[in-house]
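A structural walkthrough
One letter stands for each residue in the lines below.
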Amino acid sequence: MAYQGLAQEYLGMPAVTRAYTTACVLTTAAVLEFITPFQLYFNPDLIFRKLQIWRLITNFLFFGPLGFSFFFNMIFLYRYCRMLEEGSFRGRTADFVFMFLFGGFLMTLFGLFASLFFLGQAFTIMLVYVWSRRNPYIRMNFFGLLNFQAPFLPWVLMGFSLLLGNSIIIDLLGIAVGHIYYFLEDVFPNQPGGKKLLLTPSFLKMVFDTPEEDPNYNPLPEDHPENQPGEQEQQQRPL
(Lines give C-alpha, C1' and ligand atoms only; values in the text may rest on other atoms or scores of the structure.)
Protein backbone atom coordinates (compact mmCIF):
# COMPACT_ATOMS: atom_id res chain seq x y z
CA MET A 1 0.00 0.00 0.00
CA ALA A 2 2.81 2.41 0.85
CA TYR A 3 4.51 1.60 -2.45
CA GLN A 4 1.28 2.23 -4.35
CA GLY A 5 0.83 5.52 -2.53
CA LEU A 6 4.36 6.66 -3.41
CA ALA A 7 3.91 5.56 -7.02
CA GLN A 8 0.61 7.43 -7.26
CA GLU A 9 2.17 10.55 -5.73
CA TYR A 10 5.11 10.34 -8.13
CA LEU A 11 2.92 9.90 -11.20
CA GLY A 12 0.71 12.76 -9.98
CA MET A 13 3.61 15.21 -10.12
CA PRO A 14 3.51 17.68 -13.02
CA ALA A 15 5.78 16.72 -15.90
CA VAL A 16 8.63 19.22 -15.56
CA THR A 17 8.88 18.85 -11.78
CA ARG A 18 8.88 15.07 -12.09
CA ALA A 19 11.54 15.09 -14.81
CA TYR A 20 13.89 17.49 -13.00
CA THR A 21 13.66 15.95 -9.53
CA THR A 22 14.05 12.45 -11.00
CA ALA A 23 17.16 13.54 -12.90
CA CYS A 24 18.64 15.02 -9.70
CA VAL A 25 17.99 11.87 -7.65
CA LEU A 26 19.30 9.56 -10.39
CA THR A 27 22.44 11.68 -10.79
CA THR A 28 23.16 11.42 -7.06
CA ALA A 29 22.53 7.67 -7.17
CA ALA A 30 24.91 7.37 -10.14
CA VAL A 31 27.62 9.22 -8.21
CA LEU A 32 27.27 6.68 -5.39
CA GLU A 33 27.75 3.74 -7.75
CA PHE A 34 29.20 4.53 -11.17
CA ILE A 35 30.69 8.00 -11.62
CA THR A 36 32.38 10.78 -9.64
CA PRO A 37 31.50 14.47 -9.22
CA PHE A 38 34.62 15.29 -11.23
CA GLN A 39 32.80 14.03 -14.30
CA LEU A 40 29.83 16.35 -13.67
CA TYR A 41 31.07 19.72 -12.44
CA PHE A 42 31.03 22.92 -14.49
CA ASN A 43 34.38 23.44 -16.19
CA PRO A 44 34.46 25.82 -19.21
CA ASP A 45 37.82 24.50 -20.38
CA LEU A 46 36.59 20.90 -20.54
CA ILE A 47 33.28 21.97 -22.08
CA PHE A 48 34.68 24.03 -24.94
CA ARG A 49 38.07 22.38 -25.54
CA LYS A 50 37.25 18.76 -24.78
CA LEU A 51 33.61 19.07 -25.93
CA GLN A 52 32.27 17.59 -22.69
CA ILE A 53 28.94 19.27 -23.36
CA TRP A 54 27.06 17.22 -20.78
CA ARG A 55 28.62 19.34 -18.03
CA LEU A 56 26.33 22.22 -19.05
CA ILE A 57 23.45 20.10 -17.73
CA THR A 58 24.92 17.80 -15.07
CA ASN A 59 26.19 20.67 -12.94
CA PHE A 60 22.52 21.55 -12.33
CA LEU A 61 21.65 17.99 -11.31
CA PHE A 62 24.14 17.16 -8.55
CA PHE A 63 23.44 18.48 -5.05
CA GLY A 64 26.20 16.70 -3.20
CA PRO A 65 26.35 13.33 -1.44
CA LEU A 66 23.42 11.93 0.49
CA GLY A 67 22.99 13.90 3.68
CA PHE A 68 21.14 16.78 5.27
CA SER A 69 22.10 19.28 2.55
CA PHE A 70 20.94 16.96 -0.23
CA PHE A 71 17.54 16.22 1.31
CA PHE A 72 17.05 19.86 2.30
CA ASN A 73 17.65 20.98 -1.29
CA MET A 74 15.47 18.21 -2.73
CA ILE A 75 12.54 19.15 -0.51
CA PHE A 76 12.72 22.80 -1.52
CA LEU A 77 13.29 21.96 -5.17
CA TYR A 78 10.32 19.60 -5.30
CA ARG A 79 8.00 21.85 -3.30
CA TYR A 80 8.54 25.16 -5.07
CA CYS A 81 9.06 23.75 -8.54
CA ARG A 82 5.74 21.93 -8.21
CA MET A 83 3.91 24.93 -6.77
CA LEU A 84 5.12 27.10 -9.64
CA GLU A 85 4.18 24.53 -12.26
CA GLU A 86 0.73 23.95 -10.75
CA GLY A 87 0.22 27.61 -9.92
CA SER A 88 1.25 30.53 -12.09
CA PHE A 89 2.49 28.19 -14.85
CA ARG A 90 -0.56 25.94 -14.94
CA GLY A 91 -1.34 25.17 -18.58
CA ARG A 92 1.86 26.96 -19.63
CA THR A 93 4.44 24.17 -19.62
CA ALA A 94 6.38 25.72 -22.50
CA ASP A 95 6.73 29.00 -20.57
CA PHE A 96 7.95 27.03 -17.54
CA VAL A 97 10.55 25.19 -19.61
CA PHE A 98 11.63 28.52 -21.11
CA MET A 99 12.15 29.90 -17.60
CA PHE A 100 14.40 26.89 -16.92
CA LEU A 101 16.41 27.59 -20.06
CA PHE A 102 16.63 31.33 -19.41
CA GLY A 103 17.74 30.88 -15.80
CA GLY A 104 20.21 28.15 -16.69
CA PHE A 105 21.69 30.30 -19.47
CA LEU A 106 22.28 33.30 -17.18
CA MET A 107 23.79 31.13 -14.46
CA THR A 108 26.09 29.46 -16.98
CA LEU A 109 27.26 32.87 -18.22
CA PHE A 110 28.09 33.88 -14.65
CA GLY A 111 29.81 30.53 -14.11
CA LEU A 112 32.20 31.36 -16.93
CA PHE A 113 33.66 34.19 -14.86
CA ALA A 114 33.48 32.66 -11.38
CA SER A 115 34.77 29.47 -9.79
CA LEU A 116 31.38 27.81 -9.41
CA PHE A 117 31.28 24.08 -9.94
CA PHE A 118 27.65 23.12 -9.29
CA LEU A 119 24.68 25.43 -9.90
CA GLY A 120 21.75 23.29 -8.77
CA GLN A 121 21.34 25.14 -5.48
CA ALA A 122 21.31 28.50 -7.27
CA PHE A 123 18.64 27.13 -9.59
CA THR A 124 16.51 26.08 -6.60
CA ILE A 125 16.85 29.54 -5.07
CA MET A 126 15.74 31.05 -8.39
CA LEU A 127 12.56 28.95 -8.31
CA VAL A 128 11.94 29.92 -4.69
CA TYR A 129 12.47 33.60 -5.51
CA VAL A 130 10.04 33.65 -8.44
CA TRP A 131 7.39 31.80 -6.41
CA SER A 132 7.83 34.11 -3.41
CA ARG A 133 7.45 37.28 -5.49
CA ARG A 134 4.30 35.93 -7.11
CA ASN A 135 2.80 35.05 -3.73
CA PRO A 136 3.71 38.09 -1.63
CA TYR A 137 0.96 37.78 0.98
CA ILE A 138 1.53 34.18 2.06
CA ARG A 139 2.81 33.83 5.62
CA MET A 140 5.77 31.49 6.05
CA ASN A 141 7.17 29.66 9.07
CA PHE A 142 10.79 28.49 9.06
CA PHE A 143 11.35 25.50 11.38
CA GLY A 144 8.95 27.07 13.87
CA LEU A 145 11.46 29.83 14.62
CA LEU A 146 10.65 32.63 12.20
CA ASN A 147 7.41 34.01 10.80
CA PHE A 148 7.62 36.21 7.72
CA GLN A 149 6.03 37.05 4.39
CA ALA A 150 6.90 34.88 1.37
CA PRO A 151 9.17 37.45 -0.39
CA PHE A 152 11.66 37.15 2.48
CA LEU A 153 12.04 33.38 2.04
CA PRO A 154 15.08 33.47 -0.33
CA TRP A 155 16.89 35.77 2.10
CA VAL A 156 16.06 33.53 5.05
CA LEU A 157 17.48 30.56 3.14
CA MET A 158 20.62 32.55 2.39
CA GLY A 159 20.99 33.38 6.09
CA PHE A 160 20.53 29.71 6.93
CA SER A 161 23.33 28.81 4.48
CA LEU A 162 25.53 31.41 6.14
CA LEU A 163 24.85 29.89 9.57
CA LEU A 164 25.87 26.48 8.23
CA GLY A 165 29.18 27.94 7.09
CA ASN A 166 28.41 27.75 3.38
CA SER A 167 29.28 30.37 0.78
CA ILE A 168 26.38 32.65 -0.06
CA ILE A 169 27.62 33.33 -3.60
CA ILE A 170 25.39 30.56 -4.93
CA ASP A 171 22.34 31.92 -3.07
CA LEU A 172 22.99 35.46 -4.30
CA LEU A 173 23.30 34.16 -7.87
CA GLY A 174 19.94 32.39 -7.60
CA ILE A 175 18.31 35.51 -6.16
CA ALA A 176 19.83 37.74 -8.87
CA VAL A 177 18.74 35.49 -11.75
CA GLY A 178 15.30 35.02 -10.20
CA HIS A 179 14.89 38.77 -9.89
CA ILE A 180 15.96 39.36 -13.50
CA TYR A 181 13.36 36.86 -14.69
CA TYR A 182 10.65 38.27 -12.40
CA PHE A 183 11.38 41.85 -13.48
CA LEU A 184 11.39 41.08 -17.21
CA GLU A 185 8.33 38.82 -17.03
CA ASP A 186 6.08 40.41 -14.38
CA VAL A 187 7.22 43.99 -13.75
CA PHE A 188 8.60 45.62 -16.90
CA PRO A 189 5.69 44.65 -19.23
CA ASN A 190 3.29 46.46 -16.86
CA GLN A 191 5.31 49.67 -16.72
CA PRO A 192 4.45 52.69 -18.93
CA GLY A 193 6.17 52.05 -22.23
CA GLY A 194 7.15 48.56 -21.18
CA LYS A 195 6.65 45.43 -23.21
CA LYS A 196 7.09 41.70 -22.86
CA LEU A 197 10.70 40.84 -23.65
CA LEU A 198 10.75 37.15 -22.73
CA LEU A 199 8.88 35.45 -25.54
CA THR A 200 8.67 31.66 -25.42
CA PRO A 201 9.85 30.19 -28.75
CA SER A 202 7.06 28.68 -30.81
CA PHE A 203 8.80 25.31 -31.09
CA LEU A 204 8.64 24.92 -27.29
CA LYS A 205 4.92 25.60 -27.39
CA MET A 206 4.50 23.04 -30.15
CA VAL A 207 6.32 20.42 -28.06
CA PHE A 208 4.97 21.09 -24.57
CA ASP A 209 1.61 22.87 -24.85
CA THR A 210 -1.67 21.36 -25.97
CA PRO A 211 -2.92 23.20 -29.07
CA GLU A 212 -5.80 25.52 -28.30
CA GLU A 213 -9.10 24.85 -29.99
CA ASP A 214 -10.03 27.38 -32.66
CA PRO A 215 -13.12 29.24 -31.37
CA ASN A 216 -14.19 29.86 -34.98
CA TYR A 217 -14.07 26.19 -35.92
CA ASN A 218 -17.47 24.88 -36.94
CA PRO A 219 -17.57 21.07 -37.25
CA LEU A 220 -19.51 19.34 -39.99
CA PRO A 221 -23.05 18.25 -39.07
CA GLU A 222 -22.08 14.58 -39.00
CA ASP A 223 -19.31 15.38 -36.50
CA HIS A 224 -21.70 16.71 -33.84
CA PRO A 225 -22.08 14.29 -30.89
CA GLU A 226 -25.84 14.11 -31.27
CA ASN A 227 -25.41 12.89 -34.85
CA GLN A 228 -22.93 10.15 -33.96
CA PRO A 229 -24.24 6.56 -34.34
CA GLY A 230 -25.00 4.62 -31.19
CA GLU A 231 -23.15 1.50 -30.09
CA GLN A 232 -25.68 -0.85 -31.69
CA GLU A 233 -25.62 1.06 -34.97
CA GLN A 234 -21.82 0.91 -34.99
CA GLN A 235 -21.92 -2.84 -34.48
CA GLN A 236 -24.43 -3.28 -37.29
CA ARG A 237 -22.67 -0.99 -39.74
CA PRO A 238 -21.15 -3.10 -42.54
CA LEU A 239 -17.46 -2.75 -43.37
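Residues numbered from 1 in each chain as written. Predicted model: local features only at pLDDT ≥ 70, side-chain atom pairs only at ≥ 80, totals over all residues. Heavy atoms only, no water.

An unreviewed UniProt entry annotates the protein as Derlin originating from Callipepla squamata. Per its UniProt entry, the protein bears the Sequence similarities (unreviewed entry) comment "Belongs to the derlin family." (UniProt positions renumbered as here; feature names shortened; annotations may be inferred.)

One way to see where empty space is left: roll a probe the size of a water molecule over the atoms. Reported here for the largest pocket is a volume of approximately 550 Å³. Looking at the largest pocket, it is lined by 27 residues, and the ones nearest its centre are Ser69, Asn73, Gln121, Asn166 and Ile170. Considering only residue class, the lining of the largest pocket consists of 16 nonpolar, 10 polar and 1 charged. Taken together, the elements giving at least two residues each to the lining of the second largest pocket come down to α1 (2-11), α2 (15-33) and α5 (68-86). With 6 residues, α2 is the single largest residue contributor to the lining of the second largest pocket. Of the residues belonging to the lining of the second largest pocket, the class tally is 12 nonpolar, 3 polar and 1 charged. (1 Å grid on protein atoms, 1.4 Å probe; cavity = no way out; pocket = protein on both sides within 12 Å on 5 of 7 lines; lining within 4 Å. Points joined across faces, edges and corners; volume = space filled by probe spheres on them. Nonpolar A, V, L, I, M, F, W, Y, C, P; charged D, E, K, R; others polar. Helix = DSSP H or I, 4+ residues; strand = E, 2+ residues; numbered from the N terminus.)

Oppositely charged side chains may form a pair once their charged atoms are brought near each other. Summed over the entire model, instances satisfying the criterion amount to 7 salt bridges. Between Arg92 and Asp95 there is a salt bridge, with the nearest N and O atoms lying 2.8 Å from each other. Judged by relative accessible area, which is 25%, Arg92 ranks as partly exposed. For Asp186, the salt bridge goes to Arg134, with nearest N and O atoms at 2.7 Å. Taken together, the residues span a long stretch of sequence, with Asp186 in helix α9 (residues 169-187) and Arg134 in helix α7 (residues 120-134) at a distance of 52 residues. (Salt bridge = Lys/Arg side-chain N within 4 Å of Asp/Glu carboxyl O. Buried < 20%, exposed > 50% of the residue type's maximum accessible area, 1.4 Å probe, protein only.)

UniProt's entry tags residues 20-42, 54-78, 98-131 and 152-182 with the feature "transmembrane region" (unreviewed entry), counted in the numbering of this structure. Each end of residues 20-42 is marked by a C-alpha atom, and these two atoms are 18 Å apart; helix forms 61% of the span and strand 0%. Secondary structure within residues 152-182 divides into 81% helix and 0% strand; the distance between the first and last C-alpha atoms comes to 15 Å.

In terms of nonpolar packing, the biggest core is built from 52 residues, with Tyr20, Met99, Phe100, Met107 and Leu127 touching the most fellow members. Contributing elements (two or more residues each) for this core: α2, α5, α6 (93-112), α7, β1 (139-142), α8 (153-163) and α9. Broken down by element, this core gets its largest block of residues, 9 residues, from α7. Setting aside its immediate chain neighbours within four residues, Met107 contacts Phe60, Leu119, Ala122, Phe123, Met126, Leu173, Gly174 and Val177. (Core = buried A, V, L, I, M, F, W, Y, C linked by side-chain atoms within 4.5 Å. Contact = heavy atoms within 4.5 Å.)

Quick look at the side chain of Glu85 now. Note on placement: Glu85 falls in helix α5. For Glu85, which is buried and forms no salt bridge, the nearest opposite charge comes from Arg82, at a distance of 7.7 Å. Apart from residues no more than four positions distant in its own chain, Glu85 is found in contact with Pro14, Ala15, Val16, Thr17, Arg90 and Phe96. (Lys, Arg positive; Asp, Glu negative; His and termini not counted.)

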